[in-house]
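What follows is each chain in one-letter form.
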Amino acid sequence: MVEMIDSEVTLVSVHIPKTGGMTLLSILQQVYVGHLQLAYEDERDTIVEKPLCYHGHAVLDKFANNLAALPNVKWMTFLRDPLRSAVSLYHYGVKHGTIREMGLDQWLTGTEMFCWPDPPAYNHNRFSKWIGRARTSWDQFDLIGLTEYFDESIQLASEVLGWPDVEYTSQNVGTYGDPNMNESTINVFRRLNSDDYIVYDKAIRRLQGQ
């Protein structure tokens, strides 16, 4: 399929965890066959010759120099409702043993200093910190998709980037159901993550406008 897309444009896809990045990855693998460079700092990061798309958690950590030399780059990322993203991250941490002996409410509202791989609480305003870590800004992104509007986001990306038709199903979907939290926990979480809610609300308006 790669011959059908614009080979003069390089896509940089920053994967913020728990925002539908694995489903997006399955799409990118279809579109950029043989030209997809992953950046996850693990065994998936096999070096690709002449990549047309960079995708992963560590795109700029690993390939900043490569990207700086490219003449035509488009940037994309996905966001998700901050609370739902945080709840998903909590269950992921419980499943993989990085969050232990801590209830969801306590983890969402704690303010202890963040550390990895054993976070004592949620890393508040995580979206904003992730973009800051990537040494970029929200204004730099040509496309900001939303997990809650995934189909519409992919349709927009296809139009902007000239993708062929792709088929996909949701990957890595959580099975924990809707969280049962009291209103005070939600209010504290929203206050602690006010920056991310501002960014998320702007992304909703932007996607609707596009």
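Described below are features of the structure shown in this document. Each chain carries its own residue numbering, running from 1 in the direction its sequence is written. pLDDT decides what is reported in this predicted model: residues at 70 or higher carry local features, side-chain atom pairs at 80 or more are listed and counted, and totals for whole chains, interfaces and linings draw on all residues regardless. Computation of side-chain values: all heavy atoms of the structure, hydrogens and water removed.

**Considering the overall build of the protein**
(1) Moving on: Looking only at helices and strands, the protein features eight helices and five strands.
(2) Moving on: Helix and strand assignments come from DSSP, with helices taken as H or I runs of at least 4 residues and strands as E runs of at least 2, each series counted from the N terminus. The N-to-C order of helical and strand elements in the protein reads β-α-β-β-α-β-α-α-α-β-α-α-α.
(3) Moving on: Oriented by its inertia axes, the alpha-carbon framework of the protein measures out at about 50 × 35 × 30 Å.
(4) Moving on: Burial classes follow relative accessibility: with a 1.4 Å probe on protein chains only, a residue under 20% of its type's maximum area counts as buried, one over 50% as exposed, and anything between as partly exposed. In the protein, which comprises 210 residues, the share counted as buried stands at 49%.
(5) Moving on: We call two residues in contact whenever any of their non-hydrogen atoms come within 4.5 Å of each other. Taking as baseline every contact in the protein between residues at least 6 positions apart, the subset at least 24 positions apart corresponds to 67%.
(6) Moving on: For the accessible areas, the method is Shrake-Rupley and the probe is 1.4 Å, while residue cover comes only from the protein chains on display. Summing over all exposed atoms, the protein offers an accessible surface of approximately 11,200 Å²; the carbon and sulfur share of this is 49%.
(7) Moving on: Asp and Glu are treated as the negative residues and Lys and Arg as the positive ones, with His and the ends of the chain left uncounted. Think of each charge as sitting on NZ of Lys, CZ of Arg, CG of Asp or CD of Glu. Within the protein, one finds 18 positive and 27 negative side-chain charges whose respective centroids are separated by 5 Å.

**Let's talk about unusual backbone geometry**
(1) Moving on: A positive phi angle is found at Glu41, which is not glycine, with a value near 55 degrees.
(2) Moving on: Tracing the backbone shows Glu41 in the loop between strand 2 (36-38) and strand 3 (53-56).
(3) Moving on: Taking relative accessible area as the criterion, Glu41 reaches 56% and is therefore assigned exposed.

**What about the nonpolar core?**
(1) Moving on: Nine residue types can take part in a nonpolar core, namely buried Ala, Val, Leu, Ile, Met, Phe, Trp, Tyr and Cys, and a core is a set of them joined through side-chain atoms within 4.5 Å. If you look at the biggest cluster of nonpolar residues, it comprises 45 residues, and the most contacted ones within it are Leu11, Leu28, Tyr32, Met76, Leu79, Trp138 and Trp163.
(2) Moving on: Ala86, Val87, Trp107 and Tyr197 belong to the second largest nonpolar core, which has 14 residues in total.

**Here's the deal with the sheet that holds strand 4 (residues 73-79)**
(1) Moving on: Ordered in space as 2-3-1-4-5, the five strands form an open sheet in which the pairing is parallel. A single partner strand is all that each edge strand has here, and the edge strands are strand 2 and strand 5 (143-146). Between one strand axis and the next, the sheet turns through 20 degrees on average, direction left out of account.
(2) Moving on: Pairing between strand 4 and strand 5: four bridges, direction parallel. Note on strand 5: the bridge partner recorded for Thr77 is Ile144.
(3) Moving on: Across the sheet, helix 1 (residues 21-31) lies against strand 1 (10-14), strand 2, strand 3 and strand 4, angled at about 155 degrees from strand 3, the strand it touches most.
(4) Moving on: Lying over the sheet, helix 6 (residues 150-161) contacts strand 1, strand 4 and strand 5, oriented at roughly 155 degrees with respect to strand 5. We call two strands paired when DSSP finds no fewer than two bridges between them. Axis geometry follows a simple rule: fit a line to the C-alpha atoms, using only the stretch in contact for helices, then measure angles between N-to-C directions, giving values from 0 to 180 degrees.

**Structural notes on the environment of Trp163**
(1) Moving on: Along the chain, Trp163 turns up in the loop between helix 6 and helix 7 (183-192).
(2) Moving on: A residue is classified by how much of its surface remains accessible, and Trp163, at 7% relative accessible area, is buried.
(3) Moving on: Each C-alpha atom of the pair Trp163 and Gln30 lies 9.8 Å from the other, and the pair is 133 residues apart in sequence.

**Overview of helix 2 (residues 59-68)**
(1) Moving on: Among the residues of helix 2, those classed as buried are Val59, Leu60, Phe63 and Leu67. Each buried residue of helix 2 lies within a common arc of 115 degrees when the element is viewed along its axis, so the set occupies one face.
(2) Moving on: Of the surrounding elements, those touching the buried residues of helix 2 are strand 1, strand 2, strand 3 and strand 4. The directions considered for the arc run from the helix axis to the C-beta atoms.

**Details of the packing of aromatic side chains**
(1) Moving on: We call Phe, Tyr and Trp rings a pair once their centres come within 6.5 Å, taking the six-membered ring for Trp, and we label the pair stacked below 30 degrees between planes, edge-to-face above 60, and tilted otherwise. Following the criterion strictly, the structure yields 10 aromatic pairs and no others.
(2) Moving on: Centroid distance Tyr32 to Trp163: 6.4 Å. Interplanar angle 85 degrees. Geometry classified as edge-to-face. Placement of the pair is Tyr32 in the loop between helix 1 and strand 2 and Trp163 in the loop between helix 6 and helix 7, with a sequence separation of 131 residues.
(3) Moving on: Ring plane angle 80 degrees and centroid distance 6.0 Å describe the contact between Trp75 and Phe141, whose orientation is recorded as edge-to-face. In this pair, Trp75 is assigned in strand 4 and Phe141 in the loop between helix 5 (126-133) and strand 5, connecting sequence segments 66 residues apart. Across the pair, Phe141 and Trp75 agree in class, each one buried.
(4) Moving on: Taken together through their ring pairs, the aromatic side chains of Tyr90, Trp107, Tyr122, Phe189 and Tyr197 make up a single cluster.
(5) Moving on: For the cation-ring pair, Arg44 lies above Tyr40, with the distance from its terminal atom to the ring centre recorded as 3.9 Å. Both a distance and an angle decide whether a charge sits over a ring: NZ of Lys or CZ of Arg must be within 6 Å of the ring centre and within 35 degrees of the ring normal.

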